[in-house]
Amino acid sequence: MAFSAATRQENIARLKAEHLDLLIIGGGITGAGVALQASAMGIKTGLIEMQDFSEGTSSRSTKLVHGGIRYLKTFDVEVVADTVKERAAIQHIAPHIPRPDPMLIPIYDEPGATFTMFSLKVAMDLYDRLADVTDPKYTNYTLSRDEVLQREPQLKAENLVGGGVYLDYISNDARLVIENIKQAQVDGGIMTSHVQATQLLHDEQGNLIGAQVKDLMTDEEFTVHARLVINTAGPWSDFVRQLDPDAKITPQMRPTKGVHLVVAADRLPVPQPTYFDTGDQDDRMVFVVPRANKTYFGTTDTDYTADFKHPVATREDVDYLLAIINNRYPDVHLTIDDIEASWAGLRPLIAANSSSDYNGGDSGKLSDQSFAAVIDVVNNYENKQATRSDVEQVLKNVDSALSEHKSNPSAVSRGSDLSVADDGLITLAGGKITDYRKMAAGAITLISHLLASRFDAHFDPIDSKDLAVSGGALDSTNVDAALATLAQQGQAKGLPAADALQLANLYGANVTHVFALIDELSAAPGLTLAETLGLRYALTEEMTLTPVDYLLRRTNHILFQRETLDTVKVGVVNEMARYLGWQPAEKQQRLDQLNQAIAESDLSLLKNNN
Ligand SMILES: Cc1cc2nc3c(=O)[nH]c(=O)nc-3n(C[C@H](O)[C@H](O)[C@H](O)COP(=O)(O)OP(=O)(O)OC[C@H]3O[C@@H](n4cnc5c(N)ncnc54)[C@H](O)[C@@H]3O)c2cc1C
Ligand SMILES: O=P(O)(O)OC[C@H](O)CO
């Protein structure tokens, strides 16, 4: 099914003309997950994303599907329970994306250590039990000090006491988003990028009836009418809630920036994803992840108030992460000049959120009960039925609930929050990529109820645990074999085996559409045949509009193939310009944008000031 620049125009025309059941504001993983489930149920759904799909947080994560074992330290058991179980759910609906890759946690005997060997084993057993991990290939186990050093001889030996290995998954965050978006479009959704909600619209009774939006490619403003509107704007959630000029909202978001750095694998060789305390007693842990012939590591976790669309790695971020790696791997001596790529993203944290609504916990904000307790104790005090210290105690409880983690971003829950404002705006904020399906399922339950109760519109429920994303129609119990079989189709058409398998790994079951293009395409100037096929597929079926869309999000070329980027980028820009009919001025503008994105990623701007 076409999902191209032309489709975007058609979708905009539909958004103008048709009345929706549901308008989704935000095309990251949260919005994409809601769109997938709503469209599959036949709910007339439109999604608007002001950037490229996933260009917000959902292409800037650690690219893991994981249960957040460190959250056990802050007793965020609900978040861990949900995310650790959701790993298998995502692997089932998107088998070509998250891939199992057991994580090694080295344990150091240091002040403030997150785990001891004992508590790590308890945590890993809980992790496996919650997720029902029984396959001996993946059940957790501990390692002695020497066994850890045997695996990672460059790890610091001082104070190392042992380690543990447990199942987690490496993933491709941007790919997971676009596969949800594509499937939602196939199932009747109206998915549109570069369209921004600029105002929320209400009827005379103050009920939300849609949004004023702006096509950011033409600056044209138009209205989208919808029975319901859901805000899935991630870190921007408070800004979207504020689009209602009359809304008196209490900001709830506390975005924190996380940075990752990429080096060549031979500069930091690790055999498997590795996860350890920073050693700074800052309650942070850092991942070191091998990918292709690279190793990436991160992250920082710092409060952020600058330009949400443009978080970048600063020298301070780089120095923080390099110091941690050089301490844990004392012989590698990484410097900024070793950095080939980087990315920075904003966690959509909910301030002082000590748990999450979708999994039944309280939201950590001033709950109704806490609010009532304050009123009661003041009333009782005035009636001489409570003492001053009673009042002080209640206020102390409230203060700790509201500011329990003010000082430490890493202690703020990674849970999500689902709420409905007085005008009907639904907001689904926070959470993680790993529990996006469950978050969306919670929102869909609410949306179905509201459509039935307020509009007498009824939709049969679907089982989202069995709702494959685009490209996900594969045997999830035997993914490698399924992809190898698909790759043979490409080989049979003359593609080199390695290229055919790389395309199968990226596109999953959709790779048959990619291979079909061989009948009409030959290698574009400066590109291999496989690169030409992938680019054409991205243009015709993944609403790819710019070279950065293709090289950063539809593929990870900028992040993990820096060594071939300077040649490939010329071929990509020329082929896009030819296929999309760009005039020289637009072609130059797109090339300038690409070079800016590459310069930010490979830190050449920072290196020049080194
Ligand atoms: C450094 C870091 C590491 C992480 N690692 C992991 C990990 O490994 N695994 C994991 O599960 N989670 C991880 N997370 C968390 C996860 O990335 C986020 O929870 C998730 O991506 C949030 O998705 P979202 O769709 O809610 O927000 P976003 O992806 O930010 O999407 C919101 C979208 O709304 C759009 N938008 C905003 N305002 C408007 C408007 N007015 N009109 C139209 N569109 C609008 C934005 O452009 C944006 O694209 C990490 C997060 C960070 C920052
Ligand atoms: O939010 P944190 O601190 O757990 O960091 C995100 C991780 O890097 C992966 O989820």
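What you see is a predicted model, and the numbers here were worked out from it, not measured in a lab.

## Here we look at the UniProt feature "domain: Alpha-glycerophosphate oxidase C-terminal" (unreviewed entry) in the protein
Mapped onto this numbering, the UniProt entry gives "domain: Alpha-glycerophosphate oxidase C-terminal" (unreviewed entry) at residues 465-587. This span, residues 465-587, is 64% helix and 0% strand, and a straight line between its end C-alpha atoms measures 43 Å.

## Examining the pairing of strand β13 (residues 256-264)
Of all 9 residues making up β13, 9 are buried, and the element is well covered by its neighbours. Two strands pair when backbone bridges link them, and β13 and strand β17 (residues 302-303) are joined in this way by 2 bridges, in the antiparallel orientation. Note that in β17 the partner of K257 across the bridge is T302. Alignment of β13 against strand β18 (residues 341-347), held across 7 bridges, turns out to be antiparallel. When the sheet's bridge partners are listed, T256 is paired in β18 with R347. Note that β13 and strand β16 (residues 294-298) share 5 bridges and pair antiparallel. Among the inter-strand pairings, A264 is bridged to a residue of β16, identified as K294.

## Some points on the site of ligand 2
For ligand 2, the full set of nearby residues is T62, H66, R70, Y71, R284, F287, T299, R347, R414 and K432. One nitrogen or oxygen atom from the side chain of R70 is found 2.9 Å from an oxygen atom belonging to ligand 2. Separating an oxygen atom of ligand 2 from a side-chain N or O atom of R284 is a distance of 2.6 Å. Expressed as a share of its isolated accessible area of 300 Å², the protein-covered part of ligand 2 is 92%. Along the lines of polarity and charge, the residues of the shell around ligand 2 split into 2 nonpolar, 3 polar and 5 charged.

## Comments concerning the UniProt feature "domain: FAD dependent oxidoreductase" (unreviewed entry) in the protein
The positions UniProt marks with the feature "domain: FAD dependent oxidoreductase" (unreviewed entry) are residues 21-349. In residues 21-349, the share of helix is 25% and the share of strand is 30%. The end C-alpha atoms are 29 Å apart.

## Focus on the packing of helix α13 (residues 497-507) against helix α15 (residues 529-541)
Pairs of packed helices are described in terms of their axes, by the angle between the two and the distance that separates them. Where α13 meets α15, the closest approach of the two axes is 10 Å, and the angle between their N-to-C directions is 20°. Of the possible angle classes, the one that applies to α13 and α15 is roughly parallel. Viewed along their axes, α13 and α15 form a crossing whose handedness is right-handed. On α15, the residues that touch D499, L503 and Y507 of α13 are A530, L533, G534 and Y537. Class assignment of the residues belonging to the contact of α13 with α15 gives a composition of 5 nonpolar, 1 polar and 1 charged.

## Looking at unusual backbone geometry
What is expected of a backbone is that most residues other than glycine have negative phi and most peptide bonds are trans. A cis amide bond links G298 with the next residue in sequence, T299, at an omega value of 15°. Residue placement: T299 occurs in the loop between β16 and β17. Here the phi dihedral of H333 falls at roughly 50°; this positive angle occurs in a residue that is not glycine. Along the chain, H333 turns up in the loop between α8 (315-328) and β18. Among the residues examined, H333 registers a relative accessible area of 54% and is labelled exposed.

## Focus on the domain arrangement of the protein
The domain boundaries assigned to the protein delineate domain 1 (5-58 + 174-252 + 408-466), domain 2 (256-347), domain 3 (365-399) and domain 4 (479-608). Centre-to-centre separation of domain 2 and domain 3, based on C-alpha positions: 45 Å.

## Some details on the pattern of salt bridges
On inspection of all chains with the given rule, the structure shows 39 salt bridges. Of the charged contacts, one joins R284 and D301 as a salt bridge, the two residues approaching to 3.3 Å between their closest N and O atoms. Residue R284 is located in the loop between β14 (274-277) and β15 (285-291), and its partner D301 is located in the loop between β16 and β17; the two are separated by 17 residues in the primary sequence. Like R284, the residue D301 is buried in the burial classification. A salt bridge links D549 to R553; the nearest nitrogen and oxygen atoms lie 2.9 Å apart.

Conventions used here
- Residues numbered from 1 in each chain as written.
- Chains lettered and ligands numbered in written order.
- Predicted model: local features only at pLDDT ≥ 70, side-chain atom pairs only at ≥ 80, totals over all residues.
- Heavy atoms only, no water.
- UniProt positions renumbered as here; feature names shortened; annotations may be inferred.
- Helix = DSSP H or I, 4+ residues; strand = E, 2+ residues; numbered from the N terminus.
- Buried < 20%, exposed > 50% of the residue type's maximum accessible area, 1.4 Å probe, protein only.
- Pairing = 2+ DSSP bridges.
- Near = heavy atom within 4 Å.
- Polar contact = N/O pair within 3.5 Å; in protein donor to acceptor, adjacent residues only side chain to side chain.
- Areas by Shrake-Rupley, 256 points an atom, 1.4 Å probe, with all protein chains shown as cover.
- Nonpolar A, V, L, I, M, F, W, Y, C, P; charged D, E, K, R; others polar.
- Axes fitted to C-alpha atoms, helices over the stretch in contact; angles between N-to-C directions.
- Parallel < 35°, antiparallel > 145°, perpendicular 65-115°, else oblique.
- Left-handed = near helix turned anticlockwise from the far one by under 90°.
- Contact = heavy atoms within 4.5 Å.
- Domains from an automatic or database assignment.
- Salt bridge = Lys/Arg side-chain N within 4 Å of Asp/Glu carboxyl O.

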